[in-house]
Amino acid sequence: MGKGKNKVSTEERSSHKPKSHSKHRHQETRQHVISDLPFKLGMWDFDHCDPKRCSGKKLERLGLIKNLRIGQKFQGVVVSPNGKGFVCPNDLSIVEQNGAAVVECSWARLDEIPFKKIGGRYERLLPYLFAANPVNYGRPWRLNCVEALAACFAIVGKTEWAEMILEKFSWGLTFLDVNKELLEIYQSCTDSESIEKAQSRYIEEVEKERAERKEMAQGQDLWMLGNVNRKNLDTDEEESEEDGEEEHDDDSIKKVVKYDNLGNIIEEEAEEVNRYDKLGNLIENTDNEEEEEEEEEAEEDSSLDAVREQVNSLKVS
Ligand SMILES: C[S@@+](CC[C@H](N)C(=O)[O-])C[C@H]1O[C@@H](n2cnc3c(N)ncnc32)[C@H](O)[C@@H]1O
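The protein chain carries the name 18S rRNA aminocarboxypropyltransferase in an unreviewed UniProt entry, which gives Pachysolen tannophilus NRRL Y-2460 as its organism. A UniProt comment under Sequence similarities (unreviewed entry) is attached to the protein chain, and it reads "Belongs to the TDD superfamily. TSR3 family."

Shown next as structure tokens:
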């Protein structure tokens, strides 16, 4: 055995004492913090997440949240993907008396969570809100634990409690700014049904505005093309010139005609428009503008479909 291998130097010994002492003090501080809080927070932690990025774990390190065991139920509002109704202002007394809890787990591994063995009497979904955390910034529905708890507090009217937990994160208070309008709408509701209606109205408005913006953008594109009537005229002329001639069987060659704002042709050229699939195979050019437009629309709308799907999946689960 090497000389002095298991020996603890005087320096180390003296540094050990304060360490264990400080641990004890830290525990005391934690209890002190939890008992000092005007609210109760709970969390079932399934250890799915990177502890450095996990907001629930940070709340735990700060002594603001209590860890709950599997099999243990929570008396307050449980904000969970397994919720049956939405958090609403009518939940105020439950939150005031017994607080709020979350399920700390990965969104990708929800199917591993034994929802029947956790939760409580008041399991709730959160309505449409945007994440402000660095991992999912700007995404609706997928809030992290501290955002979910803060949203619950804010909806029932305890915005100051929401601020108390969010301010522990550098980005935290942004959550309230980003969702100011939505939170005010939800705060003016009463029960879960009214929250659901308000949420649907908001999503519909967002969709409508989106469609209007798209229409305006299309209008601008048309304006940029110049005199559309003149363009049609020229195309007809071209077609009639080609009448009786051998048809060009290479669809990949497309005429590109550009006009200035007065409708004069400023350029005419042939352009290769070959398109390839992911495997590098040539895709036949259909020149079917309607089909292409439909494809574009489907792509643009897919994000909204994803939102709808998430609403439904949250409702179903
Ligand atoms: C899936 S975990 C992800 C936690 C993340 N790793 C973190 O750092 O906090 C987020 C938890 O917040 C709650 N939550 C977030 N968004 C929710 C929503 N729209 N409806 C219900 N609960 C939600 C749930 O308890 C959910 O399990």
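Here the narrative resumes, following the displayed structure.
**Side note on the packing of aromatic side chains**
All chains considered together, the criterion is met by 7 aromatic pairs. Taken together, a centroid distance of 6.0 Å and an interplanar angle of 45° make the contact between Tyr128 and Tyr202 tilted. Here Tyr128 is found in the loop between β6 (120–125) and α4 (145–155), whereas its partner Tyr202 is found in helix α8 (residues 192–225), with 74 residues between them in sequence. Exposure remark for Tyr128: the relative accessible area of 6% places this residue in the buried category.

**Here we look at the layout of surface pockets**
Computed from the structure, the second largest pocket encloses a volume of approximately 860 Å³. Considering the residues around the second largest pocket, the lining is formed by 37 residues, among which Cys105, Trp107, Leu143, Asn144 and Cys145 are closest to the centre. Counting residues per element, the ones that place at least two in the lining of the second largest pocket are α2 (55–61), β5 (100–104), β6 and α4.

**As for the UniProt feature "domain: RNase L inhibitor RLI-like possible metal-binding" (unreviewed entry) in the protein chain**
Sequence positions flagged by UniProt for "domain: RNase L inhibitor RLI-like possible metal-binding" (unreviewed entry) are, in local numbering, residues 40–73. Segment residues 40–73 splits into 21% helix and 24% strand. End C-alpha atoms: 14 Å apart.

**Remarks on the site of the ligand**
Taken together, 21 residues lie around the ligand, and Ser55, Val79, Val103, Trp141 and Cys145 are the ones closest in. Between the ligand and the protein, one listed contact pairs a nitrogen atom with a backbone N or O atom of Trp141 at 3.1 Å. Within the backbone of Cys145, a nitrogen or oxygen atom sits 2.8 Å from an oxygen atom of the ligand. Isolated, the ligand exposes 590 Å² of accessible area, and the fraction of that covered by the protein chains is 95%. Because more than half of its atoms lie within 2 Å of the grid, the ligand is assigned to the second largest pocket. For the shell around the ligand, the secondary structure elements donating two or more residues are α2, β5, β6 and α4. If you tally residues by element for the shell around the ligand, the top one is β5, at 3 residues. Taken together, the residues of the shell around the ligand break down into 14 nonpolar, 4 polar and 3 charged.

Conventions and cut-offs
- Residues numbered from 1 in each chain as written.
- Predicted model: local features only at pLDDT ≥ 70, side-chain atom pairs only at ≥ 80, totals over all residues.
- Heavy atoms only, no water.
- UniProt positions renumbered as here; feature names shortened; annotations may be inferred.
- Phe/Tyr/Trp six-rings, centres within 6.5 Å; stacked < 30°, edge-to-face > 60°.
- Helix = DSSP H or I, 4+ residues; strand = E, 2+ residues; numbered from the N terminus.
- Buried < 20%, exposed > 50% of the residue type's maximum accessible area, 1.4 Å probe, protein only.
- 1 Å grid on protein atoms, 1.4 Å probe; cavity = no way out; pocket = protein on both sides within 12 Å on 5 of 7 lines; lining within 4 Å.
- Points joined across faces, edges and corners; volume = space filled by probe spheres on them.
- Near = heavy atom within 4 Å.
- Polar contact = N/O pair within 3.5 Å; in protein donor to acceptor, adjacent residues only side chain to side chain.
- Areas by Shrake-Rupley, 256 points an atom, 1.4 Å probe, with all protein chains shown as cover.
- Sits in = over half its atoms within 2 Å of the grid points.
- Nonpolar A, V, L, I, M, F, W, Y, C, P; charged D, E, K, R; others polar.

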